[in-house]
Amino acid sequence: MLNHLKYMAKHSGIYMIGNVSSKLIGLILLPLYTSMIRISDYGFYSLFDVSIQFCQGFLHLGLPNALFRWMNLEEGEQDKKAVFFTAYTFTALIVILVTLPLYFFSGYLARGIFSNPAMGIYFKFSAAIITLSVLNMIPLFTLRVREKSVYYVIVAVLKFAVQLLVTVLMIVRYEKGILGIFWGQLMGEALTFFLMLPFVWSQMSFRFLPVTLKEMIRFGFPLSFSGLASRVLNIGDRYILGFLTTLEMVGAYDIGYRIANAVDIILIRSFNNAYQQMIWKHVRAANIRRIIRKFLNYFLFVFLWIILAVSVFSYDLVNLMTVTYDEYLAASIIIPTILLALVIRGMGFIFKQTLQMASKTAMIAYITLGSAVLNIGLNFLMIPRWGMQGAALATLLSFLFSSGISAWLSEKYFETHYEWLNMGKLFLSAALIYISIQCLPALSLLSAILAKLILLSLFPLLLYLFRFYEFREIDTLKKMLRNKSRKKM
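Owing to the predicted nature of the structure, the values given are computational and were not obtained by experimental measurement.

Calculation criteria
- Residues numbered from 1 in each chain as written.
- Predicted model: local features only at pLDDT ≥ 70, side-chain atom pairs only at ≥ 80, totals over all residues.
- Heavy atoms only, no water.
- Helix = DSSP H or I, 4+ residues; strand = E, 2+ residues; numbered from the N terminus.
- Buried < 20%, exposed > 50% of the residue type's maximum accessible area, 1.4 Å probe, protein only.
- Contact = heavy atoms within 4.5 Å.
- 1 Å grid on protein atoms, 1.4 Å probe; cavity = no way out; pocket = protein on both sides within 12 Å on 5 of 7 lines; lining within 4 Å.
- Points joined across faces, edges and corners; volume = space filled by probe spheres on them.
- Nonpolar A, V, L, I, M, F, W, Y, C, P; charged D, E, K, R; others polar.
- Axes fitted to C-alpha atoms, helices over the stretch in contact; angles between N-to-C directions.
- Salt bridge = Lys/Arg side-chain N within 4 Å of Asp/Glu carboxyl O.
- Patch = residues over 30% accessible without salt bridge, like charges linked within 9 Å, V, L, I, M, F, W, Y side chains within 5 Å.
- Areas by Shrake-Rupley, 256 points an atom, 1.4 Å probe, with all protein chains shown as cover.
- Arc of directions from axis to C-beta.
- Phe/Tyr/Trp six-rings, centres within 6.5 Å; stacked < 30°, edge-to-face > 60°.
- Lys NZ or Arg CZ within 6 Å of the ring centre and 35° of its normal.

Participant: Lay out the environment of A82 in plain terms, naming residues and giving numbers.
Facilitator: The topology assignment puts A82 in helix α6 (residues 77–104). What makes A82 buried here is its relative accessible area of 0%. What A82 contacts, discounting residues up to four positions off in sequence, is S205, R207 and L209.

Pasting the structure below:
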């Protein structure tokens with residue numbers, strides 16, 4: 001088990017670098033956006049960004065996820081390359097057939113939706129970004145399957161540098177506003193595409209496998225459909241906020257969500273990426289169910305502690321990350337709710353992995369679709385009454401529903417026997433500490449920070465009092481501490 005943990009720590013760290021470098025541009029540039037882009041314009045950009053993400057989540061038809069299964073099951077190197085060639089060429093065909101009309105009919109779309117043909121430029125940029133990003137997914141997933149983590153990180157870091165540089169240049173130097181953000185995204189995806197070409201070529205065996213493709217689509221399409229519904233859960237509320245409220249509220253909500261989402265991008269997704277790779281590698285292990293149970297416990301232990309810390313300092317984070325404080329500080333109220341929702345979604349990822357292992361991917365699609373429908377209904381119900389916080393609560397309740405159903409089906413079809421009592425102790429300990437911090441009296445800034453840090457540090461101790469840890473875990477920790485003390489001596 002300790003070896004599995006070391007493997008997870010190593011690869012989570014590697015993918016953390018990749019995820020941070022490719023996904024946190026928007027967070028890093030928030031001070032720039034809030035000083036040079038009006039909040040209503042930022043809300044407009046958010047709606048286009050959501051649309052791009054919807055297409056990215058669906059057009060690959062789940063083939064990147066299918067690669068994990070087929071490339072780990074295929075034994076011959078040429079067979080693996082044929083699987084890659086089949087998935088890559090078919091994905092390219094699909095995405096080009098969809099995005100070409102979007103590009104060439106952009107003016108008509110802009111006239112019909114915005115009554116302004118000049119807005120067609122945003123549709124053209126969106127089509128180009130979607131095409132390149134979807135084409136990049138297959139080789140990036142294959143890098144993970146092949147465990148070429150250094151290549152993965154180099155590509156991600158270079159993409160980050162180019163996207164950051166181009167975005168800043170376009171907004172500051174050329175005053176392009178939100179169009180500068182599109183330029184940055186496009187150049188980042190274009191660079192990734194060209195950097196991946198040598199790897200793509202090396203992975204190809206020019207043999208198309210129609211029977212294998214059919215099986216991969218049967219496996220992956222429910223996951224792709226699930227990904228589309230998942231986008232509704234994660235970002236669809238921007239559309240409803242825009243419909244029921246104002247672009248200003250969409251912009252503020254998007255900024256609050258981005259700050260909370262940093263924990264997901266930096267840590268939770270990195271854990272999930274490494275976990276997915278590790279669990280498929282050991283899918284035939286005799287103790288696979290114990291591995292899954294323990295990793296779920298460790299996942300909750302680490303991330304509940306982290307979101308506690310971020311939640312209690314959320315107002316200060318928004319204050320730090322934005323410039324026009326009077327417009328953006330309201331975003332801080334949604335951060336604790338979104339953070340909890342993201343951790344529960346992370347739990348759902350682990351539950352759904354066991355459903356994939358049991359070849360029940362269609363059920364994942366049904367679960368996510370049902371959760372998306374629930375989310376839409378809750379948003380229309382809660383946003384008129386509670387505004388941004390209503391959208392955040394709708395997200396939390398939808399993820400609770402999705403993860404709960406996934407856990408039940410995981411127990412039914414994979415007989416994982418999760419440690420529900422220990423998970424309850426984790427949530428109870430986190431809730432007690434959060435409530436204690438909220439009940440602190442008015443203190444000076446330094447005293448408030450110190451008091452919050454002391455209470456946060458009590459989280460593992462409270463779990464010890466609740467007898468959360470196993471004896472073997474305590475013994476392992478004691479041995480590690482003894483070994484470190486001997487080395488120091």
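Participant: So, the layout of surface pockets: which residues are in play, and what are the values?
Facilitator: Roughly 290 Å³ of volume is contained in the second largest pocket. Around the second largest pocket sit L304, I307, L308, S311, P336, T337, L340, L396, F427, A430, A431 and Y434, which together line it. The set of elements that each furnish at least two residues to the lining of the second largest pocket consists of α14 (288–312), α17 (335–357) and α20 (420–438). Here the residues of the lining of the second largest pocket sort into 10 nonpolar, 2 polar and no charged.

Participant: Can you tell me about the packing of α17 against helix α18 (residues 361–386), naming the residues and giving the values?
Facilitator: For the pair α17 and α18, interaxial distance at closest approach is 7 Å and the crossing angle is 145°. Here K352, L355 and Q356 of α17 come into contact with α18, specifically with T361, I364, I367 and T368. A per-class count over the contact of α17 with α18 returns 3 nonpolar, 3 polar and 1 charged.

Participant: Outline the side chain of N375, listing residues and values.
Facilitator: Residue position: N375 is located in helix α18. Apart from residues lying up to four places away in sequence, N375 is in contact with V232, L233, A394, T395 and S398.

Participant: Report on the pattern of salt bridges, specifying residues and quantitative values.
Facilitator: Counting across every chain of the model gives 10 salt bridges. Note that E77 is salt-bridged to R146, the shortest N-O span being 2.9 Å. Note that E77 is positioned in helix α6 and R146 in the loop between α8 (120–145) and α9 (149–173), a separation of 69 residues in sequence. Given a relative accessible area of 38%, E77 falls into the partly exposed group. A network of salt bridges, in which partner residues are shared, links D49, D237, R238, D254 and R258.

Participant: Outline a nonpolar patch on the surface, supporting the account with residue identities and numerical values.
Facilitator: On the surface, I96, L100, Y103, F104, F105 and Y108 cluster together into a nonpolar patch covering about 660 Å² of accessible area. By residue number, the principal contributor to the nonpolar patch is α6, which donates 4 residues. Within the secondary structure, L100 sits in helix α6.

Participant: Go over helix α15 (residues 314–321) with me, naming the residues and quoting the values.
Facilitator: Among the residues making up α15, those that are buried are S314, V318 and M321. Here the buried residues of α15 occupy an arc of 75° about the axis, which is enough to place them on one side.

Participant: Go over unusual backbone geometry with me, naming the residues and quoting the values.
Facilitator: The backbone phi angle of E175 is positive, close to 50°, even though this residue is not glycine. Mapped onto the secondary structure, E175 falls in the loop between α9 and α10 (178–202). Residue E415 is not a glycine yet carries a positive backbone phi of 50°. We classify E415 as partly exposed; its relative accessible area is 48%.

Participant: Can you tell me about the packing of aromatic side chains, naming the residues and giving the values?
Facilitator: Under the definition given, this model contains 36 aromatic pairs. Between F54 and Y239, the aromatic rings sit 5.9 Å apart at their centres with planes inclined by 5°, giving stacked as the arrangement. Residue F54 is located in helix α4 (residues 39–58), and its partner Y239 is located in helix α12 (residues 237–244); the two are separated by 185 residues in the primary sequence. Both rings, one in F295 and one in Y298, keep their centres 6.3 Å apart while their planes meet at 85°; by these two values the pair is edge-to-face. Highlighted residues: F295 and Y298, both in helix α14, separated by 3 residues, approximately one helical turn. For Y298, a relative accessible area of 23% translates into the label partly exposed. Each member of the aromatic cluster is reached from another via a ring pair, and the members are Y33, Y42, F44, Y45, F48, F114, Y122, F123, F125, F182 and W183. Cation over ring: K124 sits above Y103, and NZ or CZ is 5.5 Å from the ring centre. Across the ring face of F414, the terminal group of R289 is positioned such that the distance to the ring centre comes to 4.3 Å.

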